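# Observations on the three-dimensional arrangement
Residues per chain, in single letters:
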Amino acid sequence: MSLEKPYKDIPGTTIFDADMSRQGYHLNQFCMSLMKADNRARFKADERAYLDEWPMTEDQKLAVMARDLNRCIALGGNIYFLAKIGATDGKSFQQMAGSMTGMSEEEYRNMMVKGGRSVEGNRYTGEKK
Amino acid sequence: MARISASVYTSHIPAVGAALDLGKTAEPYWQPVFQGYEFSKQWLKEQKPDVIFLVYNDHANAFSLDIIPTFAIGTAPEFAVADEGWGPRPVPKVIGHPKLAGHIAQSVIQDDFDLTIVNKMDVDHGLTVPMSLMCGQPQAWPCPVIPFAVNVVQYPAPSGRRCFMLGKAIRKAIETYDEPLNVEIWGTGGMSHQLQGPRAGLINKEWDTAFLDRLIADPEGLSTMPHIDYVREAGSEGIELVMWLIARGAMSDVNGGKPPTVRHRFYHVPASNTAVGHLILENN
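The residue count restarts for each chain, going from 1 along the sequence in the order it is written. Key to labels: chains lettered from A, ligands numbered from 1, both in the order written. Per-residue local features of the predicted model are confined to residues with pLDDT of at least 70, and side-chain atom pairs are confined, for both listing and counting, to 80 or more; whole-chain, interface and lining totals are unaffected and use all residues.

### A word on the overall build of chain B
The number of helices and strands found in chain B is 10 helices and 10 strands. Each radius of gyration is computed over the set of C-alpha atoms, and the globule rule expresses the reference value as 2.2 Å times the number of residues to the power 0.38. Computed over C-alpha atoms, the radius of gyration of chain B comes to 17 Å, within 12% of the 19 Å expected from 2.2 N^0.38 for 284 residues, which places it in the range of a compact globule. When its C-alpha atoms are laid out on the principal axes, chain B stretches across 45 × 40 × 40 Å. Out of the 284 residues belonging to chain B, those deemed buried represent 57%. For chain B, long-range pairs separated by at least 24 residues make up 82% of all intrachain contacts whose partners lie at least 6 apart in sequence. Here a strand is any run of E in DSSP of at least two residues, a helix any run of H or I of at least four, and the numbering for each starts at the N terminus. The exposure label follows from counting other C-beta atoms within 10 Å of a residue's C-beta, where the C-beta atoms are placed from the backbone and the thresholds are 20 or more for buried and 12 or fewer for exposed, leaving partly exposed in between. For every residue pair, C-beta atoms are placed from the backbone, and the pair is scored as a contact if these atoms sit within 7 Å.

### Observations regarding the interface of chain B and chain A
Taken together, the contact between chain B and chain A spans 34 residues of the former and 44 residues of the latter. Secondary structure elements with two or more residues in the side of chain B that touches chain A: α1 (14-21), α9 (227-234) and β9 (261-271) of chain B. Ranked by residue count, the leading element in the side of chain B that touches chain A is α9(B), at four residues.

### Observations regarding the domain arrangement of chain A
Residues and elements named next belong to chain A. The split of the chain into domains comes from an automatic or database domain assignment. If you check the domain split of chain A, you get domain 1 (15-90) and domain 2 (91-121). With six residues of domain 1 at the interface, the matching set in domain 2 holds five residues. The greatest single-element share of the side of domain 1 that touches domain 2, amounting to three residues, is contributed by helix α6 (residues 79-89). Asp, Glu, Lys and Arg are counted as charged, while Ala, Val, Leu, Ile, Met, Phe, Trp, Tyr, Cys and Pro are counted as nonpolar; the rest, among them Gly, fall into the polar class. Tallied by class, the residues present in the side of domain 1 that touches domain 2 amount to two nonpolar, three polar and one charged.

### Thoughts on the pairing of strand β2 (residues 51-56) of chain B
Residue and element names in this part refer to chain B. Among the six residues of β2, six are classified as buried, and the element is accordingly described as predominantly covered. Residues V51, F53 and V55 point to one face of β2 and I52, L54 and Y56 to the other, with burial holding for every one of them. When DSSP finds at least two bridges between two strands, those strands are taken to pair. Where β2 and strand β8 (residues 182-188) come together, five bridges link them in parallel fashion. Bridge pairing in β8 places F53 opposite I185.

### Describing the nonpolar core
In this description, a nonpolar core means buried residues of the types Ala, Val, Leu, Ile, Met, Phe, Trp, Tyr and Cys, linked to one another by C-beta atoms lying within 7 Å. L54(B) and I170(B) are the most contacted members of the largest nonpolar core, which totals 126 residues. Residues within four places of I170(B) in sequence aside, it is in contact with F53(B), I104(B), V108(B), I185(B) and A250(B).

### Some details on helix α5 (residues 125-135) of chain B
The element α5(B) is largely enclosed, with a buried count of 11 among its 11 residues. Among the residues of α5(B), H125(B), G126(B), L127(B), T128(B), V129(B), P130(B), M131(B), S132(B), L133(B), M134(B) and C135(B) are the ones counted as buried.

### Comments concerning unusual backbone geometry
Residue and element names in this part refer to chain B. A cis amide bond links Y155 to the next residue, P156, at an omega of 0 degrees. Turning to its location among the elements, P156 is positioned in the loop between β7 (145-150) and α6 (160-175). The phi angle at K48 is positive, at roughly 45 degrees, despite the residue not being glycine. In this fold, K48 is placed in the loop between α3 (38-47) and β2. At S272, a position not held by glycine, the phi torsion is positive, near 60 degrees.

### Digging into the environment of D50(B)
Residue and element names in this part refer to chain B. In this fold, D50 is placed in the loop between α3 and β2. Sequence separation of D50 and P180 is 130 residues, and the distance between their C-alpha atoms is 9.3 Å. Ignoring sequence-local partners within four residues, the contact set of D50 consists of C143, L181, N182 and V183.

### Regarding helix α1 (residues 18-33) of chain A
Residue and element names in this part refer to chain A. Residue count minus one, scaled by 1.5 Å, sets the expected span of a helix. Here α1 spans 21 Å end to end across 16 residues, near enough to the 22 Å set by a 1.5 Å rise per residue. Along its length, α1 reaches its greatest deviation from straightness, about 65 degrees, at G24. Every buried residue belonging to α1 is among M20, G24, L27, N28, F30, C31 and M32, and all of these are buried. Buried residues belonging to α1 abut α3 (47-51), α4 (58-65), α5 (69-74) and α6. We define the bend at each residue as the angle formed by axes fitted to the 7 residues ending at it and the 7 residues starting at it.

### A closer look at the pairing of β9(B)
Residue and element names in this part refer to chain B. Relative to strand β10 (residues 274-282), β9 runs antiparallel, the two being bridged by eight bridges. Bridging from a neighbouring strand, A271 pairs with T274 of β10. Hairpin geometry of β9 and β10 is characterised by an intervening segment of two residues between the two adjacent antiparallel strands and by a positive phi of about 60 degrees at S272.

### A word on the sheet that holds strand β6 (residues 116-118) of chain B
All names here are of chain B. Pairing in this open sheet of eight strands is mixed, and the strands run β6-β3-β7-β2-β8-β1-β10-β9 from one edge to the other. With partners counted over all chains shown, the strands left at the sheet margins are β6 and β9, one partner each. Recorded for the sheet is a direction-independent mean angle of 20 degrees between the axes of neighbouring strands. Here three bridges tie strand β3 (residues 71-74) to β6, and the two strands are oriented parallel to one another. If you follow A72 over to β6, its bridge partner there is T116. In the packing of α5 onto the sheet, the strands contacted are β1 (3-10), β2, β7 and β8, and the crossing angle to β2 comes to about 130 degrees. Axes here mean lines fitted to C-alpha atoms, for a helix over just the part in contact, with angles spanning 0 to 180 degrees between N-to-C directions.

### A closer look at the confidence of the model for chain B
Averaged over chain B, the pLDDT score is 97; the fraction of residues at 70 or greater is 100%. Interface confidence for the predicted complex, given as ipTM, is 0.95, next to a pTM of 0.97. Values of pLDDT, ranging from 0 to 100, describe the predictor's confidence in every residue of the model.

### Looking at the packing of helix α4 (residues 98-110) of chain B against α6(B)
Axis angle and axis distance: for two packed helices, these are the angle between their axes and the distance between the axes, and together they describe the pair. All names here are of chain B. Two elements in contact, α4 and α6, have axes separated by 9 Å at closest approach and are oriented at 125 degrees. Taken as axis vectors, α4 and α6 run oblique relative to one another. α6 is crossed by α4, and the crossing has right-handed handedness. Together, H103, I104, S107 and V108 of α4 and A169, I170, K172, A173 and I174 of α6 make up the contact between the two elements. For the contact of α4 with α6, the per-class residue count stands at six nonpolar, two polar and one charged. Any angle that is under 35 degrees is reported as roughly parallel, and any over 145 degrees as roughly antiparallel; angles of 65 to 115 degrees are reported as roughly perpendicular and all others as oblique. Crossing chirality is assigned from the near helix's rotation relative to the far helix, an anticlockwise turn below a right angle marking it left-handed and a clockwise turn marking it right-handed.

The following block contains the structure:
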């Protein structure tokens, strides 16, 4: 018997459940290490060398270096942990969230000012807008 | 005996804290957000609570993936302000109330809720942003705070029903404490928002409005709403709203008393990626 996961058909959304957490453990713990200034400096000086200290998969390391947050999330990253990379880069939470939507920073900000992304057409995968 | 005089509900958006810390509250983007809390700041000054029991979630600051407690009560004499990666917020440290917190832990665990007891913990924006919104920028916070952290980072968060029943157990614990303390309980987080993936930026005003209506008038019914409804309708991070049900479960009307008075209600979109919701309910 497998667990019921009714959230699998929500478009553009990855729920950070136990399975994702298991896959992303080292990726997220790497992110957590960036809360220390010394570690941030070492990471910035040589990203590849710093990442190689962690038992992460090659795909996870490449996704981090590309700052591809959607890919990081697909590989088990959680946004609150990934935010530490953004903080290291001097990015705001809005810049990070926006980077995952395919919109420019300005387009995303304007969408939020106008009331945000509508839920209509965004509840189920394949739903007609 | 101690008593719960009121409950406060508010979003805890980090950008709101940053706007306050950087002196941006009068900017057109932020002004409507802070305007919504002007009444609340005055109200809190007049209420003079002795202790605030503050329900919030940690955002990968005090807790990494090494330990993920579903419910964690802070029993320390004080709590430092976390450095979340941008440096610690320039706000006062949080003074706890170890004696009441210990009493609540003992009572609530005996009532079948298995709390994690935390004697050392930094507190992040989940706790400090509500304090800033309700208190402004004082040199010291006006009273001790008991931090109560709920896991909403790794799915599943506790169910709404579980949170509501826990609120009742917390009320019972507070009412059996021997000192005559005026205690407020705050539930924080929400409202609709999604911070990840191509659906980031989701806001659902209609759903949020209905949530506020039901939280006031039908909290028992609201508590049975399944997680999937929160996630689908209010975004993957909208699930934080289950924390509001802990505060609501501690109010008089759902424990045999009179309905509360709605002292303040506020809603605004956006603050960064999120809908801001705020409510003050007073017990009668």
